[in-house]
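Topology and contacts: notes
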Amino acid sequence: MKILVCVKQVPDTNEVKIDPVKGTLIRDGVPSILNPDDANALEAALAIKDENPGTTVAVLTMGPPQATVVLRECMAMGADEGYLLSDRAFGGADTCATSTTIAAGIKKVGKVDIIFAGRQAIDGDTAQVGPQVAQRLGLPVVTYVQDVKFDKDKIVVQRQMEDGYEVIEVETPCLLTAVKELNEPRYMSIYGIVDAYKKDITVWNHEDVDLDPKDCGLNASPTQVFRSFTPPPKGKGEILKGSVNEMAATLISRFEEKHLL
Ligand SMILES: Cc1cc2nc3c(=O)[nH]c(=O)nc-3n(C[C@H](O)[C@H](O)[C@H](O)COP(=O)(O)OP(=O)(O)OC[C@H]3O[C@@H](n4cnc5c(N)ncnc54)[C@H](O)[C@@H]3O)c2cc1C
């Protein structure tokens, strides 16, 4: 069996701060990390590999050359193969073009039984890439997966809902997107780190995955970010005065003014 995990290198958004004077983002020194949900996706793949001898786990990313660092990190955790889709033609992609490229890369990898992705990347935050990749490959998709049981060609998953979960049975091949409640990602091992640097990473450009430059990157993106800005800081808080009843009445009227009630 072969499992493929889509992983993305993202800036650690916990480390991004806002300059209180200029109101702009301070990006200097912000480290790049493996997207947290993708670590859960990889852990799920590795746990299935642990229980099913003969299983291989591949990790695939689309990004600049430095994104190989996250592939090595995944290999140090236990992934067997790494694929980097890297080409200027892939740049400026929205989720539509990103998923076209990732799907083309997966086709090139060959027969895959389970594809995992994270629910969401902490930088783009759209949660669209996983389902779009599944659609392009014509595969069933289950999102928000918080538990996976694998049994031969059948997978039973729990899909997280706001007030509970659904139990869904899905056949392979399929795509599952992981949430953080799925598991606790393992650490890289010392042996794994050494071993990760002995493995090859396959790098593909648009020709390698049979994509015309007009069908990927900015050229194939129906949306374009035309402005981005830092949200204004919250205004000063206000302490209400008066008796408990007066304060409650003021609070309710404020909520009504803002159409919150
Ligand atoms: C230079 C640049 C220009 C951009 N321009 C635009 C634009 O004009 N319009 C616009 O809408 N967006 C733009 N984007 C953002 C871009 O659309 C997203 O970064 C990308 O499509 C992924 O979406 P997301 O981060 O919301 O991922 P999500 O959909 O939240 O990610 C879900 C999961 O999909 C997988 N995944 C996501 N991205 C990758 C990847 N690259 N490789 C492997 N797996 C992945 C991961 O498993 C991830 O957990 C731009 C980004 C860059 C870097």
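See the structure above.
Given the structure is predicted, the values throughout are model-derived calculations rather than measurements.

This paragraph deals with the pattern of salt bridges. Enumeration over the complete set of coordinates arrives at 13 salt bridges. With its nearest N and O atoms 2.8 Å apart, the salt bridge here joins E81 to K2. Here the residue E81 occupies a position in strand 7 (residues 81-85), and K2 occupies one in strand 1 (residues 2-6), the gap between them amounting to 79 residues. Of the residues examined, E81 reaches a relative accessible area of 22% and is grouped as partly exposed. Judged by relative accessible area, which is 15%, K2 ranks as buried. Residue E43 is joined to R186 by a salt bridge in which the shortest nitrogen-to-oxygen separation is 2.8 Å. Linking E43 in helix 1 (residues 36-51) with R186 in the loop between strand 12 (174-178) and helix 5 (190-196), this pair joins segments that are 143 residues apart in sequence. Here E43 falls in the buried class, since its relative accessible area comes to 10%. Several salt bridges converge on common partners, so that one network encompasses E43, D50 and R186.

Another point: the packing of aromatic side chains. Enumeration according to the criterion identifies one aromatic pair in this entry. Between the aromatic rings of Y83 and W204, the centroid separation amounts to 5.1 Å while the plane-to-plane angle is 35°, which identifies the pairing as tilted. With Y83 in strand 7 and W204 in strand 13 (residues 201-204), this residue pair connects regions lying 121 residues apart in the sequence. For the pair formed by Y83 and W204, the shared burial category is buried. A cation over a ring is seen here: K108 above W204, with NZ or CZ 5.6 Å from the ring centre.

Scoring rules and cut-offs
Residues numbered from 1 in each chain as written. Predicted model: local features only at pLDDT ≥ 70, side-chain atom pairs only at ≥ 80, totals over all residues. Heavy atoms only, no water. Salt bridge = Lys/Arg side-chain N within 4 Å of Asp/Glu carboxyl O. Helix = DSSP H or I, 4+ residues; strand = E, 2+ residues; numbered from the N terminus. Buried < 20%, exposed > 50% of the residue type's maximum accessible area, 1.4 Å probe, protein only. Phe/Tyr/Trp six-rings, centres within 6.5 Å; stacked < 30°, edge-to-face > 60°. Lys NZ or Arg CZ within 6 Å of the ring centre and 35° of its normal.

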